[in-house]
Every structure is written in C-alpha cells, then in structure tokens.
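# What the coordinates show
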Amino acid sequence: KMQLPHFLKTFLKAILPKSVQDMLFRYYNQLNYSKNYKKTIKATYESFNYENTIKSLKAKEKVTVAFFMEDCTSWKLATLYDLFQKDAKFKPFIVIIPYIVYGEKRMLDMFSKCESLCKERGYDYVLTYNKESNTWRDVRNEISPDVIFFSKPWEGLTKDEYFITNFPNSLNCY
C-alpha cells in the first residue's frame, strides 16, 4: 500500500481544516483501494462458492434481491430494479447503506436523500441506520439477501459490515 510521505502529511495537516483533511485522506485511501480492486474481486470470487449459490437460487420459489444504495445521486440501477419488480419470482428491495467518505453529517444527509428517492419512486426499502437508538442493522443475519447488487463495491466507501466480502452466502453483483 502506497503511503503519503510524512512531510507532506504533516504539511497538509498544518494548513488544511480538519474536514478537508479527512476528505482528502479518505479520497487518497480510496485510490489505494481501487488499485487492488481486481485482486479483491478475484479473491472474493474464489472464496465464495458461487456455483452452489446459483444452483440453490434456481430451486427457490422466491428470490430476495437487495440493491445496496449508498449514494442516490449516482445510483444507476432503477431499470434493473423495475425488471425484477415485474417478475413474480423475485422480491427486490433497496438497502440504504452508509456512505462514509465525507463524514457523519454528509452521510446522514445522503441517508435522508436516498430514503426520499425510494419513497418518491415507490421502492421497497430498508434503512440500515436507526437514528433513535443510534444502531446499525445487521443485513447479513437479519435479512440475508439471496442476491445483492453493489453500485460501488470498493472498500472504504461504506462500513465494513456492508462490504461485499461480508456476504459469502449471497450472489454478489457489481
């Protein structure tokens, strides 16, 4: 993993506000993660037993299909969602997950925007964050989707528990 030189990190910390520092370092980390993207996806595929997952899905009467949405402004899966919605074999729904790149305030704002979009379009959706109890939903164990569509499958964009590698028993698509 490539690291920023110490003198550059120190210089940036001295002149930039904390919020800008956080955003810059997250973006830098995201670039590092994207370099390992193909390696991560290959390792994920090899560690999951997709052939058996596909066989078991063919035998199911109803297949649950989750669309993980962390940023509704760049979500491009509406047509696919609609196609699944029209087929009685599938039960599609949106899972609104945290987009942590720009901090908590922006994450909560994006949650609200994503929820509004789902309501406006009549999507079935699940929130992963409960504001009243300040808790996160365990999607893998509580919902256990059969198929998951990830619009942004890179590490560092969401909480670890919503990352692609945490769903070995689902068919993961990106």
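The coordinates are above.
### Structural notes on the pattern of salt bridges
Inspection of the entire model under this criterion finds four salt bridges. Between Asp109 and Lys113 there is a salt bridge, with the nearest N and O atoms lying 3.4 Å from each other. Here Asp109 pairs with Lys113, and both are found in helix H6 (residues 104–121), just four residues apart, close to one helical turn. Using a relative accessible area of 41% as the deciding quantity, one classes Lys113 as partly exposed.

### Topic: the sheet that holds strand E3 (residues 125–127)
Strand pairs in the sheet, formed through backbone hydrogen bonds, run parallel or antiparallel to each other. Taken in spatial order, the five strands make up an open sheet running E3-E2-E1-E6-E7, and their pairing is parallel. Every interior strand has two partners, whereas the edge strands, E3 and strand E7 (171–173), have only one. Pairs of neighbouring strands in the sheet enclose a mean axial angle of 25 degrees, with direction left out of account. Set on the sheet, helix H5 (residues 78–86) makes contact with strand E1 (63–69), strand E2 (90–96) and strand E6 (147–150); between it and E2 the angle comes to about 145 degrees.

Reading the values: the criteria
Residues numbered from 1 in each chain as written. Predicted model: local features only at pLDDT ≥ 70, side-chain atom pairs only at ≥ 80, totals over all residues. Heavy atoms only, no water. Salt bridge = Lys/Arg side-chain N within 4 Å of Asp/Glu carboxyl O. Helix = DSSP H or I, 4+ residues; strand = E, 2+ residues; numbered from the N terminus. Buried < 20%, exposed > 50% of the residue type's maximum accessible area, 1.4 Å probe, protein only. Pairing = 2+ DSSP bridges. Axes fitted to C-alpha atoms, helices over the stretch in contact; angles between N-to-C directions. Contact = heavy atoms within 4.5 Å.

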